Amino acid sequence: MTDVTGAPADVLHTLFHSDQGGHEQVVLCQDRASGLKAVIAIHSTALGPALGGTRFYPYATEGEAVADALNLARGMSYKNAMAGLGHGGGKAVIIGDPERDKTEELLLAYGRMVASLGGRYVTACDVGTYVADMDVVARECRWTTGRSPENGGAGDSSVLTAFGVYQGMRASAQHLWGDPSLRGRKVGIAGVGKVGRHLVKHLRDEGAEVVITDVRVDAVQRILEQYPAGVTAVATTEELIRVEGLDIYAPCALGGALNDDTVPVLTAKVVCGAANNQLAHPGVEKDLADRGILYAPDYVVNAGGVIQVADELHGFDFDRCKAKAAKIFDTTLAIFARAKEDGIPPAAAADRIAEQRMADARATRAAC
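None of the values given here were measured: they were computed from a predicted structure. (Residues numbered from 1 in each chain as written. Predicted model: local features only at pLDDT ≥ 70, side-chain atom pairs only at ≥ 80, totals over all residues. Heavy atoms only, no water.)

*Asks:* Before we move on, can you summarise the nonpolar core with the specific residues and values?
*Replies:* Across soluble globular proteins, nonpolar side chains have a tendency to be buried as a group. Ranked by size, the top nonpolar core spans 69 residues in total, and within it Tyr110, Met169, Ile189, Leu199 and Leu203 carry the most contacts. Ranked by the residues each element gives to this core, the list is headed by helix α6 (residues 158-177), at seven residues. Those residues in contact with leucine 199 that sit more than four places away from it in its chain are Ala162, Val165, Tyr166, Met169, Ile189, Ala250 and Cys252. Leu246, Ala268, Val284 and Ile293 belong to the second-largest nonpolar core, a separate cluster that totals 19 residues. (Core = buried A, V, L, I, M, F, W, Y, C linked by side-chain atoms within 4.5 Å. Buried < 20%, exposed > 50% of the residue type's maximum accessible area, 1.4 Å probe, protein only. Helix = DSSP H or I, 4+ residues; strand = E, 2+ residues; numbered from the N terminus. Contact = heavy atoms within 4.5 Å.)

*Asks:* Can you explain helix α2 (residues 62-82)? Please cite residues and give values.
*Replies:* With 21 residues, α2 should cover 30 Å at 1.5 Å per step; its first-to-last C-alpha distance of 31 Å lies within 8% of that length. Across the 21 residues of α2, 17 count as buried, placing the element largely inside the fold. (Expected span 1.5 Å × (residues − 1).)

*Asks:* Mind laying out the environment of isoleucine 335, listing which residues take part and the relevant values?
*Replies:* Position of isoleucine 335 among the secondary structure elements: in helix α14 (residues 328-342). Looking at isoleucine 335, the relative accessible area reads 0%, which means it is buried. Taking the C-alpha atoms as reference points, isoleucine 335 and threonine 14, separated by 321 residues in sequence, lie 27 Å from one another. Each residue touching isoleucine 335, except ones within four places of it in the same chain, is listed here: Met82, Pro297, Val300, Pro346, Ala349, Ala350 and Ile353.

*Asks:* Break down the packing of aromatic side chains for me, citing the residues and quoting the values.
*Replies:* Scanning the entire structure with this criterion turns up three aromatic pairs. A centroid spacing of 5.8 Å and a plane angle of 70° characterise the contact between tyrosine 78 and tyrosine 299, whose relative ring orientation is edge-to-face. Taken together, the residues tyrosine 78 in helix α2 and tyrosine 299 in helix α11 (residues 298-301) connect sequence positions 221 residues apart. As far as burial versus exposure is concerned, tyrosine 78 and tyrosine 299 are alike and both buried. Here the aromatic rings of phenylalanine 316 and phenylalanine 318 are separated by 6.4 Å at their centres, their planes lie at 75°, and the arrangement is edge-to-face. Note on phenylalanine 318: relative accessible area 34%, which makes it partly exposed. Between lysine 322 and the ring centre of phenylalanine 163, over which it is positioned, the NZ or CZ distance is 5.0 Å. (Phe/Tyr/Trp six-rings, centres within 6.5 Å; stacked < 30°, edge-to-face > 60°. Lys NZ or Arg CZ within 6 Å of the ring centre and 35° of its normal.)

*Asks:* Let's hear about the environment of leucine 12: which residues, and what values?
*Replies:* Along the chain, leucine 12 turns up in helix α1 (residues 9-16). Here leucine 12 falls in the partly exposed class, since its relative accessible area comes to 30%. Between the C-alpha atoms of leucine 12 and glycine 63, which are 51 residues apart in sequence, the distance is 9.7 Å.

*Asks:* Give a detailed account of the confidence of the model for the protein, specifying residues and quantitative values.
*Replies:* When pLDDT is averaged along the protein, the result is 93; 96% of the residues meet or exceed 70. This model gives residues 1-6 a pLDDT under 50, and the stretch forms eight contacts once residues within four places in sequence are excluded. (pLDDT = per-residue confidence, 0-100.)

*Asks:* Could you give an account of unusual backbone geometry, with specific residues and numbers?
*Replies:* One non-glycine residue, asparagine 277, lies in the positive phi region at around 50°. By secondary structure assignment, the location of asparagine 277 is in the loop between β11 (270-271) and α10 (284-290).

*Asks:* I'd like a description of the side chain of aspartate 126, backed by residues and values.
*Replies:* Among the secondary structure elements, aspartate 126 is positioned in the loop between β6 (121-122) and α5 (131-137). For aspartate 126, a relative accessible area of 10% translates into the label buried. A distance of 3.0 Å separates polar atoms of two side chains, one belonging to aspartate 126 and the other to lysine 91. Once residues lying within four places of it in the same chain are set aside, the contact partners of aspartate 126 are Gly53, Thr54, Arg55, Lys91, Lys194 and Asn276. (Polar contact = N/O pair within 3.5 Å; in protein donor to acceptor, adjacent residues only side chain to side chain.)

Written as C-alpha cells, this is what we have:
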C-alpha cells in the first residue's frame, strides 16, 4: 500500500506515529527542468536550526529515499545534541546517480529549495556530494556549509570526522583494556573513501595493524600503495568481519552494517566507525552487548565533521574545531559509564543523554 506520493504507508506511519518519527517538517522537492527530486527532512529545531548533509544516491524507490531522509535527520538531532552544538537535526537526499545525474542546474535548483526554508535547515556534504557541489549550492542558498576555503568555507570535513572516530576508538580501548593506546591493535576498516583513508593514517601513525576493504578496488589500491607495511586488504566486508584476532571493526561506508547476519560472526571486541545508522534495527545494540562487543555509538564518534561545518557558520577556525572534536574521547567514555550505571547498552545511554538535552532545550524555550 502506498500514499499519494508513492511512499509506502509505513513511512508515513513512522513519521507521525512511531518513536522513530516525530519530525517537525518533511519537504518533497522537484524541479522538472533540471531533473531534481529531493527530500528534506527536519527532525528537530529544539537546539537551533537543523543541520545535516545532503546525500546524492540512486534509491530504488521514492519511498526508500523518504525513509532514509527520516532516519538520517533523526540521527543528526542526536549527533548535534551529543556534540554540544546549537543545532537541531536535518538531512536531505537527492534521488539519482551522482555520477550520471548531477549537474550544475540541478544543484542550483536544490539550493533554491533549501533557501526556501529560510534558515530552518542548513545543508552540507554527505555521500555523493562534495565541497565543489556545496560551492554551487551556496550560489543560491546562504545556509550552506562544507564549502571550499576559496568560497568562504572550511573545506573537506572528512579530516575531522576521521579524527573524531579515532578519539572514539581510543576511548573504547581505555574503557575495555584500560589503556587508550591502539599500538599493536588490529583494526578492520570497511570503506576507505573520504573518511576511511584519513582514519588509516591515524591508526598507522600510532602503530596499529590495519585491515581494509572497499567495493572500489582503486580505493583499496591507493591505500596499499601509500602504506606498503602494516596494512592488508580483504575482498569483502563479509570476510573482514571474520578476520581472526580483530580488535576493532570500523564500518565507514553506508548504514546497516550491524545486523542479524553480521553480529553473530563478528570477531572484533569493539565496533567504532564513521558510517551513519550502523544498527540495522532496534535490538541490534542488545545483540552486541550480549556477545560482549563494545559499541561506540556512531553518531557520537563521527561528529567531527558536523562540528567543523557548524563552526563554519561563525568563521572557521581549524584548531578550535579540532579541540572540540578531541572531546569526543571524553563524551564516549561518559556514555560507557552511563551505560554501566543504568545497565543498558551504550547506544541506549547515548540516546537518553541526547533526548534529555533536547527536552531541556524545549522546556527552556517554552518558559521564555
